[in-house]
Amino acid sequence: EGGRSDRRDDRGRESGGGKGSVGSDSWHGTVARESRSDTSRDRASERHSRRDSPRARRDSSHEQPRRGGQAHKHSSLQDASVLGESLDIARIEDAHISAENVLTLLKQHGKRMSLAHASAAFERLAKIGETRKNSRTCDEALELLVEVSITLESSFDLQFCRHVISSLKKLKSKSVSRASLLQAVSDHMFKLLDMCEAADVSSLFVLTFELQTTQPASFWQACTVRHEELLNDYTLQQMAETMCWASKIQAAKLQVDHSFVNLIETLSERVVHLMQKPNYEKSNLEPDIFSNIMCAFATIHQAIPLQLFDIILVELPKAEKWKAHQISTIIWSVAVLKINLDQSVFDFLARQMTSGLCSPQDISNTFWGYATLQKVPDSNLVEVLTQRAIDTMRDFSAQQLSNLFLAFALLSNLCQPGTRLLSSALEVRMYERAACIPVDKFGSQEVSSIMWSVTTLHKDGNGVIGKMRPERGRDIMLRMVRLLPKLAAKATPEFLAQTLHAMAETQIWNQGFTEDDTTHVRRKSEGSSRDRLRNHDALEKDKIDVVQSYSARALEVINDPRLEAIHKFDGMHMKRVRWALRTLAVECADLLAALSRHARDIVCLDVVDIMWTNAVLWTKPDPDVLTALAKKVDLGIETWSTICVTRFLWALSVVFVQEAQGVTNWQSVLNKLARFLLQHEDSLDTVTLKQLHQFFLTCITCTALGNMLPDSILDVKEKLEQKCILHVREASASQHLEHTGGQGCAAQLRKLGLLVECEQECPNTGFNLDMLLTASTHAPPHLQPPIIDGLRGWVLEIDRPSHYLAGSRTLKEGRCRLREKQLEGVGYVCIVLPYWEWTDVLQRPDHELQAYLAGKVAAAFTAAGKSSEH
């Protein structure tokens, strides 16, 4: 971007050069004059001390004789300083220039630097920076050079500004001093706007975007006017670059009006005009032109004009010398604009990309673009990019890494069963990188993408997430979840729903049970009970912290009309939140009530989900909410399926078994449901019949509820009850539930003299009973059960963590509470061994284990006997 303003004659002196020239008042001349006396005094002693050194002897064979009394020209910076020769960085030979030399020079003589030599120093550092050698030293030298340059601000000219901009493009640094220098350069270029060329005005755009400064309207107006004046001087490449940067400024909202959108449209028309000229040489079209134009329109989310797009399609395959960032930008732009390109274009771009180096940004943009377009990349391209990603993973930022996770998760849904694009080696490196990036670098978008992607990548063919492999996947999920409470304060409903849903899908927090999306029956995922019990209290705390912070944010959004207008909870968001709360078993009555009151936009089917969630978490909606839900159901019940009807009846029975008051508001709904069941009797399967049986059983065991039901429901019960019991018994016979330590418990009870039957089916309820205890003459007196009228038996059950609501050792989730009520209703007495007691006792000797069991059984017998007396 413009050459140096100074030129040198054959003797190495500066001549000509405009404002940036230094002339006779050169930096090296000043240094030489002031240090001449010191140098002459020290030279003899320094020469004497170095004469016999090993390095002097080693280099003596290469020493050149001095001719004509001329001083020998040394190549090293130290020798040049000693001899008092030129200290101008531009005069040091390329072969000997280094970051250390430049840093030494700046430290010793930086305060005496002139503008021209600062310009030369920037150029030299840019060359060093391109080699990426001694990057720390180079950064230190750059920082010092920037500080020196700022002191020369009053003498800045346009040529120096060009040199600084050109050099700092190649030298990546985020220092405050660098930003200050760029701001000074921007201010001076704006003052000299009338003298600026097209490239200079584009540079102003680049500086403004990099500094992220909001300029006044007069600044943008002046820049736009200058652009229009220089429109005929623009090359195609300059126009494309200007369009790209203008779009980024517009997207970053650094420019408030729409003048830049108009500027982009004007420039695109000019591009079309030039490229349609018959005598225009199209063989010189650079790939940057296409990538910058497409990036501009994609950044502002505006469709590319048809004429321009047709030209791009024709000319794009003719361009040569493609670079990876140009190809990835085009693929990203096509994905953002949702352009349906011919496969031949993708094949061409893939061939070009496999031949060059790729940066992390190129890799993540390319995979993200293919995934968004729902196209599986070519296998050769995947192989090349995968290897490059492995090699450069340490350089991936949080955003680039999250986009890569997201891309592979989306692509996994497009691949054939058994096909996996994400290699194990790359997956491990991605997890390692996610563990190394500081947590403050992850924003809400990155956390949400990574959590959703990790859960998606670990799903099996049935959509169930088992134990995460590698183990780092588990660690990353833990790390992301512990960030959620901090991000909740400004979270959107989409973020709340997606992250909570991803958390609930993971075995770490769902106790190994999830809810089937079709039947809504709980299903157990892979993994042992021991794995799920590990760090149980800490994981429960994670759940509670997240849900409480999410609840506070959701209530804030729902109750504030201003926030609600911006961040609206739609039906899908609320459904995903309810599913997550059920799966995580977190009691959050305030949030459930708010979501139910906010359900004005829900459809009739969502009422089933609302009631089901309240039933599982053993909560009851407010009376006014129940009344509103009843009206919603009454108007749209004809659209339900049999699974919706039976789920709703089960949920309704659980909600009203807590308190039967309010059932009368549902009389009309219950009558319609009864007619529906009789009409669709043939479509009832095992799942629906089992849920219907639970409803009938609750009506029997809860007299208050049964008395309030309409006759139509009682008629359905009479007709379908035997069919329900038959299917429930068949399902129970083939079902084998996991009982941690159940067999060991039964063996210890038998040693105490009790008769124990494991996993016996209850003929009245169809439940599998963990252990059924009966009296024995061999048992000691305190273990003889009391005689109670109507008692069917004693049931001992081992409760697991999944039976309780998160963080509670007293509140059980709705299914377990209903089971206990139904067993008690048909005449059983339940003796419960909580998991936190049982897992601890299992580690003790047999005599202590037997003492614990004897105490539990004796206490239950005594309590039941006293209760029967009253």
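Keep in mind the model is a prediction, meaning the values are calculated, not measured.

## Re the environment of glutamate 153
- Within the fold, glutamate 153 resides in the loop between helix H6 (135-150) and helix H7 (158-170).
- Among the residues examined, glutamate 153 registers a relative accessible area of 31% and is labelled partly exposed.
- For the pair glutamate 153 and alanine 184, spaced 31 residues apart in sequence, the C-alpha to C-alpha distance is 7.1 Å.
- Apart from the residues within four sequence positions on either side, glutamate 153 is in contact with Ala184 and His188.

## Considering the sheet that holds strand S6 (residues 768-774)
- Overall, mixed pairing links the four strands, which are arranged S5-S6-S7-S8 in an open sheet. Each having just a single partner strand, strand S5 (755-761) and strand S8 (828-833) make up the two edges of the open sheet. Between one strand axis and the next, the sheet turns through 35 degrees on average, direction left out of account.
- Sheet contacts for helix H39 (residues 814-825): S6, strand S7 (793-798) and S8; angle to S8, the most-contacted strand, approximately 145 degrees.
- Relative to the sheet, helix H41 (residues 846-869) contacts S6, S7 and S8, its axis offset from that of S8 by approximately 145 degrees.

## What about the packing of aromatic side chains?
- Throughout the structure, instances matching the rule amount to 16 aromatic pairs.
- Aromatic side chains phenylalanine 346 and tyrosine 370 sit 5.7 Å apart centroid to centroid with 50 degrees between the ring planes, which places their arrangement in the tilted category. Taken together, the residues phenylalanine 346 in helix H16 (residues 343-353) and tyrosine 370 in helix H17 (residues 360-372) connect sequence positions 24 residues apart.
- Every member of this aromatic cluster is reached through a ring pair, and the members are Phe122, Phe156 and Phe160.
- Above the ring of tryptophan 245, the side-chain terminus of lysine 248 is found at 4.4 Å from the ring centroid.
- Taking the ring centre of phenylalanine 767 as reference, the NZ or CZ of arginine 819 above it sits at 4.9 Å.

## Here we look at the packing of helix H19 (residues 398-412) against helix H21 (residues 444-457)
- Closest axis-to-axis distance for the H19/H21 pair is 8 Å, and the angle between their directions is 35 degrees. In the crossing of H19 with H21, the sense of the turn from one axis to the other is left-handed. Contacts between H19 and H21 involve Ala398, Gln399, Ser402, Phe405, Leu406, Phe408, Ala409, Leu410 and Ser412 from the former and Glu446, Ser449, Ile450, Trp452, Ser453, Val454, Thr456 and Leu457 from the latter.

## As for the pattern of salt bridges
- What the rule picks out here adds up to 23 salt bridges.
- In this structure, the salt-bridge partner of aspartate 609 is arginine 582, at a minimum N-O distance of 3.1 Å. Of this pair, aspartate 609 sits in helix H31 (residues 604-616) while arginine 582 sits in helix H29 (residues 571-584), placing them 27 residues apart in sequence.
- Between arginine 844 and glutamate 848 there is a salt bridge, and its shortest N-O distance comes to 4.0 Å.
- Overall, the relative accessible area of 38% leaves arginine 844 in the partly exposed class.
- In this structure glutamate 848 comes out as partly exposed when scored by relative accessible area, which is 33%.
- Linked by salt bridges that have partners in common, Arg578, Arg582, Asp609 and Arg647 make up one network.

## Notes on the environment of alanine 199
- By the secondary structure assignment, alanine 199 is in helix H9 (residues 198-211).
- Linking alanine 199 and threonine 235, residues 36 residues apart in sequence, is a C-alpha distance of 9.6 Å.

## With respect to helix H18 (residues 379-392)
- With 14 residues, H18 should cover 20 Å at 1.5 Å per step; its first-to-last C-alpha distance of 20 Å lies within 8% of that length.
- Regarding H18, the residues found buried are Leu381, Val382, Leu385, Thr386, Ala389, Ile390 and Thr392.
- If you follow the buried residues of H18, they end up packed against H16, H17 and helix H20 (424-436).
- Looking at where H18 begins, the residue whose side-chain oxygen comes 2.9 Å from the main-chain nitrogen of asparagine 380 is aspartate 378.

## Quick look at the pairing of S8
- Sheet topology note: the S7/S8 ladder contains six bridges and is parallel. Bridge assignment links glycine 793 to a residue of S8, and that residue is tyrosine 828.
- Each parallel crossover has a hand, and for S7 linked through H39 to S8 it is right-handed.

## Side note on the confidence of the model for the protein chain
- This prediction gives the protein chain a mean pLDDT of 77; 79% of its residues lie at or above 70.
- pLDDT under 50 marks residues 1-87. Its contacts with residues more than four places away, or in other chains, come to 102 contacts.
- Overall, residues 735-740 carries pLDDT values under 50, and its contacts beyond four positions in sequence, including any with other chains, amount to 15 contacts.

## Considerations on the pairing of S5
- When S5 meets S6, the two strands line up antiparallel, connected through six bridges. From the neighbouring strand, leucine 755 faces S6, where its bridge partner is threonine 774.
- Taken together, S5 and the strand that follows it, S6, pair antiparallel across an intervening segment of six residues, in which glycine 766 is found at a positive phi of about 85 degrees.

## Some points on H16
- Three or more residues of H16 are buried, namely Val345, Phe346, Phe348, Leu349, Ala350 and Met353.
- On the buried face of H16, the contacting elements are helix H15 (324-337), H17 and H18.

About the thresholds
- Residues numbered from 1 in each chain as written.
- Predicted model: local features only at pLDDT ≥ 70, side-chain atom pairs only at ≥ 80, totals over all residues.
- Heavy atoms only, no water.
- Helix = DSSP H or I, 4+ residues; strand = E, 2+ residues; numbered from the N terminus.
- Buried < 20%, exposed > 50% of the residue type's maximum accessible area, 1.4 Å probe, protein only.
- Contact = heavy atoms within 4.5 Å.
- Pairing = 2+ DSSP bridges.
- Axes fitted to C-alpha atoms, helices over the stretch in contact; angles between N-to-C directions.
- Phe/Tyr/Trp six-rings, centres within 6.5 Å; stacked < 30°, edge-to-face > 60°.
- Lys NZ or Arg CZ within 6 Å of the ring centre and 35° of its normal.
- Left-handed = near helix turned anticlockwise from the far one by under 90°.
- Salt bridge = Lys/Arg side-chain N within 4 Å of Asp/Glu carboxyl O.
- Expected span 1.5 Å × (residues − 1).
- Polar contact = N/O pair within 3.5 Å; in protein donor to acceptor, adjacent residues only side chain to side chain.
- Right-handed = clockwise from strand over helix to strand, strands pointing away.
- pLDDT = per-residue confidence, 0-100.

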